[in-house]
Amino acid sequence: RSQLGLLSRLGFDSPRIAWRGEGYHDMNWGSVPLEQSFADWTWSRAPTSDGAHVTYDTLRADGSRNSFALRFDGTGEVMRQAIPPLRPLPRGFWRMSRQAHSDSVAALVATLEDAPFYARSLVRAEIGGEPVTAFHENLSLRKFANPVIQAMLPFRMPRRG
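Predicted model only: the values in this text are computed from it and were never measured.

This part covers the nonpolar core. By size, the foremost hydrophobic cluster in this structure holds 15 residues, and its most contacted members are Phe-117 and Leu-139. Of all the elements in the fold, those that place two or more residues in this core are strand E3 (38–48), strand E4 (51–60), strand E5 (65–73), helix H2 (141–144) and helix H3 (147–156). In terms of residues, this core owes the most to one element, E5, which gives 3 residues. Ignoring sequence-local partners within four residues, the contact set of Leu-139 consists of Ala-39, Asp-40, Trp-41, Met-96, Phe-117 and Tyr-118.

Encoded structure:
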């Protein structure tokens, strides 16, 4: 594992499976549920010719915004970048709003997850003049906090023990 969280090979003994390719690992932590701190966020990670480009665009529950872009080079060095403009993407079945950061037009390649409060997609974009395909997420914690959505969670996203 590198400093970037990129994995070249991952193997497990039980079940006996292995995986090779690129990956990214992140996490969220805090002392309150996410929906108490955030209203919405957009996140993406795009492999580039010399590393990776990551964008975050968060709208906090108090209405303030935090947006930034990071470039990771092949050695793991992190540099702040100017964040590209947000570009609209088509809505999915649940009418979840989606947008992605791109220097030019962004295009939806595939929808990987389409939920009432969350959309995970592959997006074609341009970062610093380079065409990229980004792993991308939009999350609406306003929708997530809705009692109707909360009642749907055991059926839409059942927990397995």
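Okay, back to it.
Let us now look at the sheet that holds strand E11 (residues 130–140). Spatially, E6-E5-E4-E3-E11-E10-E9 is the arrangement adopted by the 7 strands of the open sheet, whose pairing is antiparallel. What marks the edges here is a single partner per strand, and that holds for strand E6 (78–81) and strand E9 (107–114). Taken pair by pair, the neighbouring strands of this sheet meet at an average axis angle of 20°, ignoring direction. Where E9 lies against strand E10 (residues 118–127), 6 bridges are found, and the strand directions are antiparallel. Of the residues in E10, the one forming a bridge with Glu-113 is Arg-120.

All told, the structure shown has 6 aromatic pairs when counted by the stated rule. Ring centres of Phe-117 and Phe-144 lie 5.0 Å apart, and the angle between their planes is 65°; this geometry places the pair in the edge-to-face category. Residue Phe-117 is located in the loop between E9 and E10, and its partner Phe-144 is located in helix H2; the two are separated by 27 residues in the primary sequence. Note on Phe-117: relative accessible area 7%, which makes it buried. Looking at Phe-144, the relative accessible area reads 19%, which means it is buried. Pairwise contacts between aromatic rings join Trp-43, Tyr-56, Phe-68 and Phe-135 into one cluster.

Glancing now at a nonpolar patch on the surface. On the surface, a nonpolar cluster with roughly 360 Å² of combined accessible area is contributed by Leu-10, Phe-12, Ile-17 and Trp-19. Listed by contribution, the elements that provide at least two residues to the nonpolar patch are strand E1 (9–12) and strand E2 (17–20). Within the secondary structure layout, Trp-19 lies in strand E2. Exposure remark for Trp-19: the relative accessible area of 36% places this residue in the partly exposed category.

Another aspect to go through is the pattern of salt bridges. Across all of its chains, the model carries 5 salt bridges by this definition. The partner of Asp-13 in a salt bridge is Arg-16, with the nearest N and O atoms 3.3 Å apart. In this structure Asp-13 comes out as exposed when scored by relative accessible area, which is 68%. Residue Arg-16 is classed as exposed on the basis of its relative accessible area of 69%. Of the charged contacts in the structure, one is a salt bridge between Asp-57 and Arg-65, with a shortest N-O distance of 3.3 Å.

Here the protein averages 86 in pLDDT, and 88% of its residues register 70 or above. The low-confidence segment residues 1–7, where pLDDT is below 50, has 17 contacts with residues more than four positions distant or belonging to other chains.

Okay, the pairing of E5 next. As defined by bridge partners, E4 adjoins E5 across 9 bridges and the pair is classed as antiparallel. When the sheet's bridge partners are listed, Asp-57 is paired in E5 with Ser-67. What sits between the antiparallel neighbours E4 and E5 is a turn of 4 residues, in which Gly-63 has the positive phi angle 95°. Taken together, the 4 bridges between E5 and E6 define a ladder with antiparallel strand orientation. Bridging across to E6, Ala-69 finds its partner in Gln-81. Once E5 ends, the chain turns through 4 residues before running back antiparallel as E6, passing Gly-76 with a positive phi of about 100°.

About the criteria used
Residues numbered from 1 in each chain as written. Predicted model: local features only at pLDDT ≥ 70, side-chain atom pairs only at ≥ 80, totals over all residues. Heavy atoms only, no water. Core = buried A, V, L, I, M, F, W, Y, C linked by side-chain atoms within 4.5 Å. Buried < 20%, exposed > 50% of the residue type's maximum accessible area, 1.4 Å probe, protein only. Helix = DSSP H or I, 4+ residues; strand = E, 2+ residues; numbered from the N terminus. Contact = heavy atoms within 4.5 Å. Pairing = 2+ DSSP bridges. Axes fitted to C-alpha atoms, helices over the stretch in contact; angles between N-to-C directions. Phe/Tyr/Trp six-rings, centres within 6.5 Å; stacked < 30°, edge-to-face > 60°. Patch = residues over 30% accessible without salt bridge, like charges linked within 9 Å, V, L, I, M, F, W, Y side chains within 5 Å. Areas by Shrake-Rupley, 256 points an atom, 1.4 Å probe, with all protein chains shown as cover. Salt bridge = Lys/Arg side-chain N within 4 Å of Asp/Glu carboxyl O. pLDDT = per-residue confidence, 0-100.

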